[in-house]
Amino acid sequence: MSRYPYTRLFWQSEHSIIIAGPHIQVLDTNTGDVLHSTAKFEADQIASGPIRCAALSACGKYLATSGDDKNLKTWEVNGLKLLNSRGLPKKPTYINFADNNDILIADKFGDIFRYQLYPNSNEVSSGYTRDALASHENPSGGELILGHASLLTTFLLTADEQYIVTADRDEHIRVSWYPQGYTIESYCLGHQQYVSAIHIPSFSPGTLISGGGDSVLKLWDWMSGKLLRNIDVFSAVQPFIVVKAPQKKREWKDEDEDIEPTERKRGRRKRKGKHKEEKSADDGGAEESQDPAMPEGRPGEASTEESEVVFVVHRVASIPSVTPRIVFSVVGATAIFWFSMDDNSEPCIRHEPFYKPIIDFTLEDDGSVWVLLDADLSSQGSWSSAGGGDDSNLVEVRRWTLDNLAASHCPPLALALNSCILPATQADLKVLDLYSDILALPKNVEIEAEDRTQDLSEIAIDDAATADGRSNGGGITKRGLGRLKHKQALRRLQEVGRGEFLDFEPLPADGKRVKSGRGGDTLTGDVGMDT
């Protein structure tokens, strides 16, 4: 029987919460007993698809979840009671709670909205609203905090909740005031690829650690935006990356698109998918038809074609101790990695292998590491039925012994999680798509490389297209020439006096954030609005 792997664990001293596909379970941490489970709920209370984002409030009483159905569901952990469900404007990418239990949600359009734990009367009656600065309507009246021009991958609030740090797929990290997100404190610029994980250690609150598609983790003074150091991690991680992306099959969906796959590609592609279904039926239904809207090869699936390593840092966390440690995981890797931050010398990247792809990890208060594994993914890239022995464990626990991680006696909670099976079909597991970041975050690097190496100035745009719009002798269509002309115009604008067309003054050097007598925030200098 196929089963759902666990995708997120919220460990607490009394009650812990586990996410598996569309299901939520609350367990007694000390005994492992399942106290509440959505597997026993009515169908209308369960997410129509996998839960993609989840967050637990600081008090541990409330849980917020959302997924592909674009519904924000708020739960009371005690009794797993559904408090409310609200529609979101776009698919979420990250959820977090503020200390006052406000819910912050980042979406694929690059916006962050704030929602109250309980919808007020104005929010319920407002219907579809659109903030003057928002890029799209909001069906639940959420308050716009800030926006990026690219897909937001993650964000965090500083410990004092005075600032919000956001990261996107276009290599940007921004530090903004909270909740006045339109006021930007600094940028942390230096990544060459997408940023997928950020973290501020509790033992070094002025330091930001970021990672993504670059071969290094970067340490920043986030208040000033100054890069402190680079820590090379890729060479230590690469041997453990077993889930790879199929070459020349990587497709990515622009953050400006939010159309369901079945509506996105029609015509010839749709008929092609139908033809595949007919062929599958003729073969006796031995194989499932391929969704025409998705790439033919997916990470983790068996393929006869060549594959490539795509580096994506999934999570970064820290352990305060005598020797502070930074722990991180990478999508599709079979080990947890860590290093010490005890001096300025080049740290040694150490690892603890688990021999199965790691989905996520969480830390106990004492620093013990709970690791969630894709235990049923075989070496051939297909999902196998749950078997016996340690190889089938979905959860492993490691505890620190001096300067190493080591296996210890399995606690009751881990035993319960490894014995509790939530059944899933092969179709459910494909929809779950645990390694979607490998396909979604990298852009089309082949096209970008071609654009960088092609000298547009050598192309005779005016003479290249034929009168009937077909391709010329060089194979360039009229539509392609239009795109080249547009890029050429943009390049000219960039070459003619960079920054001369800005119509606002930058933040003065003496501009500082101070508290006004009325309790609000003011500046001692002029502030430029980010548009």
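K.L.:
Break down the overall build of the protein for me, citing the residues and quoting the values.
P.N.:
Summing up its helical and strand segments, the protein has 10 helices and 32 strands in all. Out of the 531 residues in the protein, the part that is buried amounts to 48%. Considering only residue pairs separated by 6 or more positions, the protein has 52% of its internal contacts joining residues 24 or more positions apart.

K.L.:
Hey, could you go over the nonpolar core for me, with residue numbers and the actual values?
P.N.:
Counting residues in each nonpolar core, the largest one holds 23 residues, and the members touching the most others are Tyr 6, Ile 18, Trp 370, Leu 372, Val 395 and Leu 417. Contributing elements (two or more residues each) for this core: β2 (15-20), β28 (369-373), β29 (395-401), α5 (412-419) and α6 (426-432). Here the element with the most residues in this core is α5; it accounts for 4 residues. In this view, Leu 417 contacts Tyr 6, Ile 18, Leu 27 and Val 395; residues no more than four positions away in its chain are not counted. Formed by 20 residues, the second largest nonpolar core is a distinct cluster that contains Ile 231, Ile 326, Phe 328 and Ala 335.

K.L.:
How would you sum up α5? Please name residues and give values.
P.N.:
Taken together, the buried positions of α5 are Leu 413, Ala 414, Ala 416, Leu 417 and Asn 418. In this structure, the buried side of α5 is in contact with β2, β3 (23-28), β28 and β29.

K.L.:
For the pairing of strand β9 (residues 92-97), give the residues involved together with the corresponding values.
P.N.:
When β9 meets strand β10 (residues 103-107), the two strands line up antiparallel, connected through 5 bridges. Note on β10: the bridge partner recorded for Phe 97 is Ile 103. With antiparallel pairing between neighbouring strands as the criterion, β9 and β10 make up a hairpin whose turn holds 5 residues, including Asn 101 at a positive phi of roughly 75°.

K.L.:
Any details on the packing of aromatic side chains? Residues and values, ideally.
P.N.:
One pass over the full model with this rule turns up 8 aromatic pairs. Between Tyr 94 and Phe 155 the ring centres are 5.2 Å apart and the planes differ by 80°, which places this aromatic pair in the edge-to-face class. In this pair, Tyr 94 sits in strand β9 while Phe 155 sits in strand β13 (residues 152-157), placing the two residues 61 residues apart along the sequence. An angle of 90° between the planes, with centres 5.2 Å apart, marks the rings of Trp 338 and Trp 400 as edge-to-face. Of the two residues, Trp 338 sits in strand β25 (residues 335-340) while Trp 400 sits in strand β29, which places them 62 residues apart along the sequence. The same class applies to Trp 338 as to Trp 400, namely buried. One aromatic cluster in this structure is built from Phe 240, Phe 328, Phe 337 and Phe 339. Above the face of the Phe 109 ring, Lys 90 is positioned so that its terminal group lies 4.6 Å from the ring centre. Between Arg 325 and the ring centre of Trp 400, over which it is positioned, the NZ or CZ distance is 4.2 Å.

K.L.:
Outline the pattern of salt bridges, listing residues and values.
P.N.:
Scanning all chains against the criterion turns up 11 salt bridges. Among the ionic pairs, Glu 364 bridges to Arg 399, the shortest N-O distance being 3.3 Å. Of this pair, Glu 364 sits in the loop between β27 (358-363) and β28 while Arg 399 sits in strand β29, and the two are 35 residues apart along the sequence. On the basis of relative accessibility, which here comes to 23%, the residue Arg 399 falls in the partly exposed class. Through salt bridges that share partners, Arg 8, Arg 315 and Asp 360 make up one connected network.

K.L.:
Quick one: what's the story with the sheet that holds strand β6 (residues 62-67), residue by residue and with numbers?
P.N.:
The strand order across the open sheet formed by 4 strands is β5-β6-β7-β8, and the pairing between neighbours is antiparallel. This sheet does not close on itself; its edge strands, each paired only once, are β5 (51-56) and β8 (81-87). Sheet twist, expressed as the mean angle between neighbouring strand axes with direction ignored, is 20°. As defined by bridge partners, β5 adjoins β6 across 5 bridges and the pair is classed as antiparallel. In the strand pairing of β6, Cys 53 is matched with Ser 66.

K.L.:
Give a detailed account of the sheet that holds strand β18 (residues 207-212), specifying residues and quantitative values.
P.N.:
Strand pairing in a sheet relies on backbone hydrogen bonds, with the paired strands running either antiparallel or parallel. Pairing within the open sheet is antiparallel, and its 4 strands lie in the order β17-β18-β19-β20. The sheet is open, and its two borders are formed by β17 (195-199) and β20 (226-232), each paired with just one other strand. If you compare each strand with its neighbour and ignore which way they point, the axes differ by 25° on average. Pairing of strand β19 (residues 216-221) with β20, which is carried by 6 bridges, proceeds in the antiparallel orientation. Among the inter-strand pairings, Leu 217 is bridged to a residue of β20, identified as Ile 231.

K.L.:
Before we move on, could you go through the side chain of Asn 393 and cite the residues and values that matter?
P.N.:
Examined against the element boundaries, Asn 393 turns out to sit in the loop between β28 and β29. Using a relative accessible area of 16% as the deciding quantity, one classes Asn 393 as buried. Among the polar contacts listed, one links the side chain of Asn 393 to the side chain of Glu 396, at a separation of 3.4 Å. Ignoring sequence-local partners within four residues, the contact set of Asn 393 consists of Leu 373, Ala 375 and Asn 418.

K.L.:
So what's going on with the confidence of the model for the protein? Which residues, and what values?
P.N.:
A residue-level look at the protein finds 66% of positions with pLDDT of 70 or above and a mean pLDDT of 78. In this model residues 447-474 is a low-confidence stretch, pLDDT under 50, and it forms 26 contacts with partners more than four residues away in sequence or in other chains. Scored below 50 in pLDDT, residues 497-531 makes 41 contacts in the model with residues more than four places away or belonging to other chains.

Cut-off values and rules
- Residues numbered from 1 in each chain as written.
- Predicted model: local features only at pLDDT ≥ 70, side-chain atom pairs only at ≥ 80, totals over all residues.
- Heavy atoms only, no water.
- Helix = DSSP H or I, 4+ residues; strand = E, 2+ residues; numbered from the N terminus.
- Buried < 20%, exposed > 50% of the residue type's maximum accessible area, 1.4 Å probe, protein only.
- Contact = heavy atoms within 4.5 Å.
- Core = buried A, V, L, I, M, F, W, Y, C linked by side-chain atoms within 4.5 Å.
- Pairing = 2+ DSSP bridges.
- Phe/Tyr/Trp six-rings, centres within 6.5 Å; stacked < 30°, edge-to-face > 60°.
- Lys NZ or Arg CZ within 6 Å of the ring centre and 35° of its normal.
- Salt bridge = Lys/Arg side-chain N within 4 Å of Asp/Glu carboxyl O.
- Axes fitted to C-alpha atoms, helices over the stretch in contact; angles between N-to-C directions.
- Polar contact = N/O pair within 3.5 Å; in protein donor to acceptor, adjacent residues only side chain to side chain.
- pLDDT = per-residue confidence, 0-100.

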